[in-house]
Amino acid sequence: MSGTNAGSSLDAELSGLLGAHWITDGSRLEALRGDRSGLIAEGRGIGLAEPADTEQAAAVLRIAAAHGVPVVPRGAGTGLAGGGVVGAGRIALSTARMTEIREIDPVDQVAVVGAGVINAELDRAARQYGLRYAPDPASRAISTIGGNIATNAGGLLCAKYGVTREAVLGLTAVLADGRILRTGHRSVKGVTGYDLTALLVGSEGTLGVITEATVRLIPRPDVEPVTVGAVLPDLGGALELCRELQAAGQRPALLEIMDARSLAAVTRYLPEADRPGPFAGPLGAGSAAVIVQWDAEGAGAAAERAMRLVDALGGRAIRCDDEAGGERVLGVRRAMNPALPNGTDVLIEDVCVPRSRLAEMYAAIARIEAETGIEIPTAGHAADGNLHPHLSVRAEDRTPGGEIPERVWDAAARVFRAALDLGGTLTGEHGIGVLKARWLRDELGDESFALQRGIRQLFDPRGQLNPDAVFVADDPGANANGDTVP
Ligand SMILES: Cc1cc2nc3c(=O)[nH]c(=O)nc-3n(C[C@H](O)[C@H](O)[C@H](O)COP(=O)(O)OP(=O)(O)OC[C@H]3O[C@@H](n4cnc5c(N)ncnc54)[C@H](O)[C@@H]3O)c2cc1C
């Protein structure tokens, strides 16, 4: 923004358009400087725009573009990669008012929803028709469908039912200059032209603001889930159990693993009464955990086999044949996040490797721990090879501002390298955001990196949308497209 007049005219135009939904109150803008990654943007944004619908969002983007002011799309702010933080010189465009579930069609098995609908609310609405919205990030009770699509969110069930991309059929999005784009279809099939829907999924607010989505619903399973929670004497046993459970040609609905440090952190955090079966008793020093669930015919037999395997590996387990019992067991894994929250003391990472290489990834993490002296409790989704190393900040490394110290980022970089060397990726589900932009080229390679940057330029030649996310500028002070950011 270039000067006071331009600023006050922008302010007048946006408050004329949105009334009370153009917010410049300091405390609201302060909260938008962060998300759940622990990153805090420099300075406060100019304002928060809360358009009611696609047309108003388009008008916000036209006004911002006319003033040369960058816009950061914002869902619920639960992101773990810093992609939604709003700092100085930026406008936040929130989908908080786009919360309408417009349609649920039990024949087409689709829903048409506003981008601000909370994931769990859509699933609850679909339940009335015997259907479910399958993508289930652990943040499903608090994150939006738009944010889930923008980050291509995954969840515990995604090895069986797919990540968000598999559930998105069509989108309405507003481009940086205010043009409204409609992509995809609501039919089961549709292959006309390039798949712009898939391109927008996972674009982290850099290609367009998603305002509405047509998503696939699937029938709810008609059997109660059967869950086994096991404590094994060591990580080797836990990995062996995971391998056996998947090699049997069966596909569990979910399969989670926790190493000794993760299990110890959760045990310290959760009261004993909330730790069912073997999780309640005293645990051996190196104990690791596996939680597995089946939700299809044959679940009982699969659970019986799992109990025998645990026994043979010297472990102890609990079996629950109802949803409520299963939820109690899963509560042990879900407690990992509150036990070790992202922020000043912990950096939560998100690498993913082929399932067959999980043991090698865990070995690499152990090596990095030994070489750097940084503890890295690691739990994850063994069903899809997605591990969440929690890199701990040692008291002596704390920075005055509470930022993650470079020493910890160096260890994280080694974790990323190890994942890439094993045929994996820097991020299984949290996205690149701002925090991992400096490693993007390492994974993509020069050709793919240049092509992706070109795609961004095609959508947004002036770099107006979320300019700090995904790509790092080559020159300091320039955005992803090389333009100077005000
Ligand atoms: C406790 C906890 C557990 C979590 N568990 C998981 C998990 O299991 N799996 C997982 O994948 N993630 C998980 N996350 C991370 C986070 O919840 C997801 O990334 C989620 O998809 C973000 O949704 P949001 O609505 O909060 O988006 P925000 O955090 O507001 O935004 C995230 C990114 O999407 C962009 N964006 C948001 N809305 C739009 C839109 N309408 N159009 C275009 N761009 C948009 C933003 O600019 C930003 O780059 C977890 C987070 C927490 C705090």
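Parameters at a glance
- Residues numbered from 1 in each chain as written.
- Predicted model: local features only at pLDDT ≥ 70, side-chain atom pairs only at ≥ 80, totals over all residues.
- Heavy atoms only, no water.
- Salt bridge = Lys/Arg side-chain N within 4 Å of Asp/Glu carboxyl O.
- Helix = DSSP H or I, 4+ residues; strand = E, 2+ residues; numbered from the N terminus.
- Expected span 1.5 Å × (residues − 1).
- Buried < 20%, exposed > 50% of the residue type's maximum accessible area, 1.4 Å probe, protein only.
- Arc of directions from axis to C-beta.
- UniProt positions renumbered as here; feature names shortened; annotations may be inferred.
- Domains from an automatic or database assignment.
- Near = heavy atom within 4 Å.
- Polar contact = N/O pair within 3.5 Å; in protein donor to acceptor, adjacent residues only side chain to side chain.
- Areas by Shrake-Rupley, 256 points an atom, 1.4 Å probe, with all protein chains shown as cover.
- Nonpolar A, V, L, I, M, F, W, Y, C, P; charged D, E, K, R; others polar.

What follows deals with the pattern of salt bridges. This structure, assessed with the given rule, holds 33 salt bridges. Residue Glu244 pairs with Arg243 through a salt bridge whose shortest N-O separation is 3.6 Å. Within this structure, Glu103, Asp105, Asp108 and Arg186 form a network of salt bridges that share partners.

For helix 14 (residues 358-372), with 15 residues, the first-to-last C-alpha span of 21 Å sits near the 21 Å given by 1.5 Å per residue. Turning to helix 14, its buried residues are Leu358, Met361, Tyr362, Ala364, Ile365, Ile368, Glu369 and Thr372. End-on view of helix 14: buried residues confined to an arc of 155 degrees, all on one side of the axis. More than 90 degrees from the buried face of helix 14, the exposed residues found are Ala370 and Glu371.

The next subject is the UniProt feature "domain: FAD-binding PCMH-type" (unreviewed entry) in the protein. Sequence positions flagged by UniProt for "domain: FAD-binding PCMH-type" (unreviewed entry) are, in local numbering, residues 41-220. Overall, residues 41-220 shows 24% helix and 25% strand. The separation of its end C-alpha atoms is 41 Å.

Where the parts come together, the accessible area they lose is often given as the size of the interface. Each domain of the protein was delimited in the assignment, giving domain 1 (4-94), domain 2 (101-219), domain 3 (226-338), domain 4 (341-421) and domain 5 (436-486). Just the C-alpha atoms count here: the centres of domain 3 and domain 5 sit 42 Å apart.

As a matter of local geometry, the ligand sits amid 34 residues, with Pro73, Thr78, Gly79, Ser139 and Thr144 nearest to it. Between the ligand and Ala76 there is a distance of 2.9 Å, counted from an oxygen atom to a backbone nitrogen or oxygen. Within the contact set of the ligand, a nitrogen atom lies 3.3 Å away from a side-chain nitrogen or oxygen of Glu429. Relative to its free-state accessible area of 970 Å², the ligand is covered by the protein chains to the extent of 95%. Looking at the shell around the ligand, the elements that each hand over two or more residues are strand 3 (71-74), helix 5 (145-151) and strand 10 (209-216). Within the shell around the ligand, the residues separate by chemical class into ten nonpolar, 20 polar and four charged. Here the shell around the ligand spans two domains, since at least three of its residues come from each of domain 1 (4-94) and domain 2 (101-219).

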